[in-house]
Amino acid sequence: MDEPLFAPVTSVSGVAASVVESVQAHQWWLGLSVLAGAALWGGCWVWWRRRTLAALGCRTVVDLVPSRGFDPSVEEIGRHAARLARVPAAVGWLPRRASGVRMRHVTVEGKLATRLEGPARAAGLLRLSSFPGVDVLEAGRGRSEVRPVRFTNIAPLGVMDNEQEG
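Here the structure is a predicted model, which is why all the values come from computation and not from measurement.

Draft legend 1. Up close: the overall build of the chain. In terms of regular secondary structure, the chain is built from seven helices and five strands. Its helices and strands taken in sequence order, the chain reads α-α-β-α-α-α-β-β-α-β-β-α from the N to the C terminus. Looking at the chain residue by residue over its 166 residues, the buried ones come to 25%. Considering only residue pairs separated by 6 or more positions, the chain has 71% of its internal contacts joining residues 24 or more positions apart. As presented, the chain carries roughly 12100 Å² of accessible surface, and 60% of it is formed by carbon and sulfur atoms.

Rendered as C-alpha cells:
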C-alpha cells in the first residue's frame, strides 16, 4: 500500500517538524544551490565591475567656449540641460557610475569654458551645440591639443527642433 506524498498535518508543531525533515532530507541539494547562487552572483559582480572600469577608461571630453557676447535664453539653457539628461539613456545598458556626465568650468585660451566629460558612446550628443555663438572644441586626452569641431551649413538646434526630438 502506497503512502500519500503529503500527509495532512494537524498542528503548527507538526508543520515545523515536516519542514525540518524536508530540509534535512535535501540539505546537500540546498547547500549546493546556495553555493551555486553565490558563485553566480560573484561572477556577475566581477563582470559588471570590469565593464564599469572599461567604460570609465574611455570617455569623451568636449569644451564649450562661448563668444564674447554670449547671453543664452532660458529656453536654450533648458534644451541644453535636457540634452545632458538624455545621455544615460543614449548610451544604453551601461553601469550608472559610468554613464554620468561631468561638467567642469575651465579656461581655454583665456576664456571661461564648460568642459563636458561623458561616455564615449554619447560623443555625438555631447558634441552638438545647443547655443548660438558657442564653439565646440574637442579636447584631446592630453589637454595640450584642442581641436575645433565644425558643422558646415548646420545651425544650432532651435525650439522647433527640440520639440521634434521629444
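Draft legend 2. The environment of Arg68, seen in detail. By the secondary structure assignment, Arg68 is in the loop between strand E1 (59–66) and helix H3 (74–85). For Arg68 and Lys111, which are 43 residues apart along the polypeptide, the C-alpha to C-alpha distance reads 9.0 Å.

Draft legend 3. The arrangement of the nonpolar core in detail. One finds Val62, Leu64, Val87, Val91, Leu94, Leu116 and Leu126 to be the most contacted residues of the largest nonpolar core, which totals 15 residues. Looking at this core, the elements that each hand over two or more residues are E1, helix H4 (87–91), helix H6 (123–127) and strand E4 (134–139). Setting aside anything within four residues of it in sequence, one finds Leu116 in contact with Thr60, Val61, Val62, Leu64, His80, Leu84, Val101, Arg102, Met103 and Leu126. In this structure, Val65, Val106, Val108 and Ala113 belong to the second largest nonpolar core, which totals five residues.

Draft legend 4. Focus on a nonpolar patch on the surface. On the surface, a cluster of nonpolar side chains totalling about 310 Å² of accessible area is made up of Val15, Val19, Val23 and Leu30. For Val15, the position within the fold is in helix H1 (residues 12–25).

Draft legend 5. Examining the pattern of salt bridges more closely. Counted by the stated rule, this structure contains four salt bridges. Here Arg102 makes a salt bridge to Glu117, at a shortest N to O gap of 3.7 Å. Note that Arg102 is positioned in strand E2 (residues 102–108) and Glu117 in strand E3 (residues 111–119), a separation of 15 residues in sequence. With a shortest N-O distance of 3.3 Å, Glu138 and Arg127 are connected by a salt bridge. With Glu138 in strand E4 and Arg127 in helix H6, the pair connects residues that are eleven residues apart, well separated along the chain. Among the charged side chains, a network of salt bridges with common partners joins Arg59, Arg102 and Glu117.

Draft legend 6. Representation of the pairing of E3 within the structure. Most of E3 is tucked away, with seven of its nine residues classed as buried. Across six bridges, E1 lies against E3 in antiparallel orientation. When the bridges of E3 are listed, Leu64 appears paired with Thr114. What sits between the antiparallel neighbours E2 and E3 is a turn of two residues, in which Glu109 has the positive phi angle 55 degrees.

Calculation rules
Residues numbered from 1 in each chain as written. Predicted model: local features only at pLDDT ≥ 70, side-chain atom pairs only at ≥ 80, totals over all residues. Heavy atoms only, no water. Helix = DSSP H or I, 4+ residues; strand = E, 2+ residues; numbered from the N terminus. Buried < 20%, exposed > 50% of the residue type's maximum accessible area, 1.4 Å probe, protein only. Contact = heavy atoms within 4.5 Å. Areas by Shrake-Rupley, 256 points an atom, 1.4 Å probe, with all protein chains shown as cover. Core = buried A, V, L, I, M, F, W, Y, C linked by side-chain atoms within 4.5 Å. Patch = residues over 30% accessible without salt bridge, like charges linked within 9 Å, V, L, I, M, F, W, Y side chains within 5 Å. Salt bridge = Lys/Arg side-chain N within 4 Å of Asp/Glu carboxyl O. Pairing = 2+ DSSP bridges.

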